Amino acid sequence: MTESKKKKGALLVLNSGSSSVKFTIFKVGGDTGESTPLFGGQLDGIGTAAKLKVKTAQKELMADESWKHLDQGTVPAILPHLLEWIESKLPEDLPLIGAGHRVVHGGENFDKPVIVEGDIIEQLSNLEHLAPLHQPQNVAAIKTLATSRPELPQVACFDTAFHRTIPAVNNTFAIPKEYTDAGVRRYGFHGLSYEYIAHNLRENKPDLAKGRVVVAHLGSGASISALLDGKSVDTSMGFSALDGIPMGTRPGSMDPGVLIYLIREYDMNADDLEKLLYYKCGLLGISAISNDMRDIEENEEPGAKLALDIFCNRVAKQIATFAVSLRGLDALVFTAGIGENGPIIRDKVCAELKWMGIELDEGKNNTRGEEKISTESSIPVLVIPTDEEFMIAQHSVRLLNA
Ligand code: AMP
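Residues numbered from 1 in each chain as written. Predicted model: local features only at pLDDT ≥ 70, side-chain atom pairs only at ≥ 80, totals over all residues. Heavy atoms only, no water.

Q: Please set out the packing of aromatic side chains residue by residue, giving values where relevant.
A: Inspection of the entire model under this criterion finds six aromatic pairs. Plain terms: the ring middles of Phe-110 and Phe-158 are 4.9 Å apart, the flat faces sit at 20° to each other, and that makes the pair stacked. Linking Phe-110 in the loop between strand S6 (96-103) and strand S7 (114-115) with Phe-158 in strand S8 (residues 154-158), this pair joins segments that are 48 residues apart in sequence. Exposure remark for Phe-110: the relative accessible area of 6% places this residue in the buried category. Its relative accessible area of 2% is what places Phe-158 among the buried residues. Look at Tyr-278 and Tyr-279: their rings are 6.5 Å apart centre to centre, the planes differ by 50°, and that puts the pair in the tilted class. (Phe/Tyr/Trp six-rings, centres within 6.5 Å; stacked < 30°, edge-to-face > 60°. Helix = DSSP H or I, 4+ residues; strand = E, 2+ residues; numbered from the N terminus. Buried < 20%, exposed > 50% of the residue type's maximum accessible area, 1.4 Å probe, protein only.)

Q: Can you explain the nonpolar core? Please cite residues and give values.
A: By size, the foremost hydrophobic cluster in this structure holds 44 residues, and its most contacted members are Leu-218, Phe-311, Ile-345 and Val-349. At the level of secondary structure, the elements contributing two or more residues to this core comprise strand S9 (212-218), strand S10 (222-228), helix H11 (293-298), helix H12 (302-326), strand S12 (331-335), helix H14 (343-351) and strand S13 (381-383). Counting residues per element, this core draws most heavily on H12, which supplies twelve residues. Setting aside its immediate chain neighbours within four residues, Phe-311 contacts Leu-218, Pro-246, Leu-283, Met-293, Ile-338 and Ile-345. Ile-97, Phe-162, Leu-192 and Met-391 belong to the second-largest nonpolar core, a separate cluster that totals 30 residues. (Core = buried A, V, L, I, M, F, W, Y, C linked by side-chain atoms within 4.5 Å. Contact = heavy atoms within 4.5 Å.)

Q: Got a sec to walk through the site of the ligand? Specific residues and values, please.
A: Near the ligand the following residues occur: Gly-219, Ser-220, Asp-292, Met-293, Arg-294, Glu-297, Ala-336, Gly-337, Ile-338, Asn-341 and Gly-342. Ser-220 places a main-chain nitrogen or oxygen 2.9 Å from an oxygen atom of the ligand. Between Ile-338 and the ligand, the recorded distance is 3.3 Å, taken from a backbone N or O atom to an oxygen atom. Notes on the ligand: free accessible area 510 Å², of which the protein chains cover 72%. Of all elements in the fold, only H11 and helix H13 (336-341) reach the threshold of two or more residues within the shell around the ligand. The greatest single-element share of the shell around the ligand, amounting to four residues, is contributed by H13. (Near = heavy atom within 4 Å. Polar contact = N/O pair within 3.5 Å; in protein donor to acceptor, adjacent residues only side chain to side chain. Areas by Shrake-Rupley, 256 points an atom, 1.4 Å probe, with all protein chains shown as cover.)

Q: Go over the side chain of Thr-180 with me, naming the residues and quoting the values.
A: Within the secondary structure, Thr-180 sits in helix H5 (residues 177-181). Excluding anything up to four places from it in sequence, Thr-180 contacts Thr-172, Phe-173 and Ile-175.

Q: Now, about the pattern of salt bridges: what can you tell me, with residues and values included?
A: The tally for this structure, following the rule as stated, stands at 16 salt bridges. Between Asp-330 and Arg-212 there is a salt bridge whose closest N-O contact spans 2.9 Å. Taken as a pair, Asp-330 in the loop between H12 and S12 and Arg-212 in strand S9 lie far apart in primary sequence, 118 residues in all. Residue Asp-330 is classed as partly exposed on the basis of its relative accessible area of 24%. A salt bridge links Asp-309 to Lys-348, with the nearest nitrogen and oxygen atoms 2.9 Å apart. Of this pair, Asp-309 sits in helix H12 while Lys-348 sits in helix H14, placing them 39 residues apart in sequence. Looking at Asp-309, the relative accessible area reads 26%, which means it is partly exposed. Linked by salt bridges that have partners in common, Glu-87, Arg-149 and Glu-151 make up one network. (Salt bridge = Lys/Arg side-chain N within 4 Å of Asp/Glu carboxyl O.)

Q: Residue-level account of the sheet that holds strand S3 (residues 36-44), with values.
A: Taking strand neighbours across the sheet as the criterion, the eight strands line up as S5-S4-S3-S2-S1-S6-S8-S7 in an open arrangement whose pairing is mixed. Across the chains shown, the open sheet's two edge strands, defined by having one partner strand only, are strand S5 (61-66) and S7. Where S6 and S8 come together, five bridges link them in parallel fashion. If you follow Ala-99 over to S8, its bridge partner there is Gln-154. Against the sheet, helix H3 (residues 135-148) touches strand S1 (9-16), S6 and S8, its axis set at about 165° to S6. (Pairing = 2+ DSSP bridges. Axes fitted to C-alpha atoms, helices over the stretch in contact; angles between N-to-C directions.)

Below, the structure is given as structure tokens:
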């Protein structure tokens, strides 16, 4: 397609949750043909007291207002108002030309982003049982736009798609084959984040990008992946986003026998377990103080110290495990909230991996914005800020222009 035929306008990138919607508006097309973020923010507290906060790409405040009067209790009900608000801020020569959605689960069928057409919405709805806390919200947002703005093309980008390259030896659970055949296997999540890191390495560190790289996406949800030549070969999250390393409120891997015990001895059912495992475990469960890593770091109670030690130890163990999946290690990358902003955590994790040839430069680790934080003799350790929205914009523009 020639430059002149490429679509020009504004692209809406949406990440819809149960009570909040995060969004970014990108300018697409134009002279450079690139996607440039214009503004973005969050509508949260939906169902209690909705509030809109938006900043420009230069971090200037554009809106910080109560939307209580528009709050009809659900994301689908409030989304058309958000669309109106966004369009009121767009110049006339920059119409909305499409929407790209973060969709948590692509199941077995979706190994890359797709334009939402035909029976795609139905197919995505059919995956809701695989990610009951996120998929219904993602699908509801797509349905709402399809109804309120049928002329607006939509693209679904999946958090699982990047992990479709994981070989069977790493994505198969040791359970009877009939369950594996029915789709009970490791899907992995945070795929858009890993894909961005692989893209960033290809652009800026092509030699490392081709090698064996472990990426630690440490946020309130956290996972770790093993990348070989920019492709996922192993990942810590599994069938659900509960597996792997401990998180803010989720436990990470644990003995499945505990669940049988809780069902028998504490009379728990599936809903009770779901609440426990998604909202009451992890840093919050261990410390009984907070799910926020900053609170844990600042608190001197033994529970907080134990939570910090367990988190760092489990992250280090997972990184070492993935050096096995990769038969070695050429680089370690930290990303997401804790990975990008937490020198204490990075230091504790890497101290446990010194025997592997990983050693941080203390000064660089403590300098914000420093990309390479390891010593010269160490396996390179990098801090790369993730950008899932950029990845969704890239995929959406490519599909809208196709
Ligand atoms: P995310 O989900 O990627 O937004 O990351 C959220 C997590 O990052 C929370 O646990 C925060 O406590 C953590 N975080 C943010 N800033 C820092 C920091 N300066 N030090 C340690 N953790 C941080």
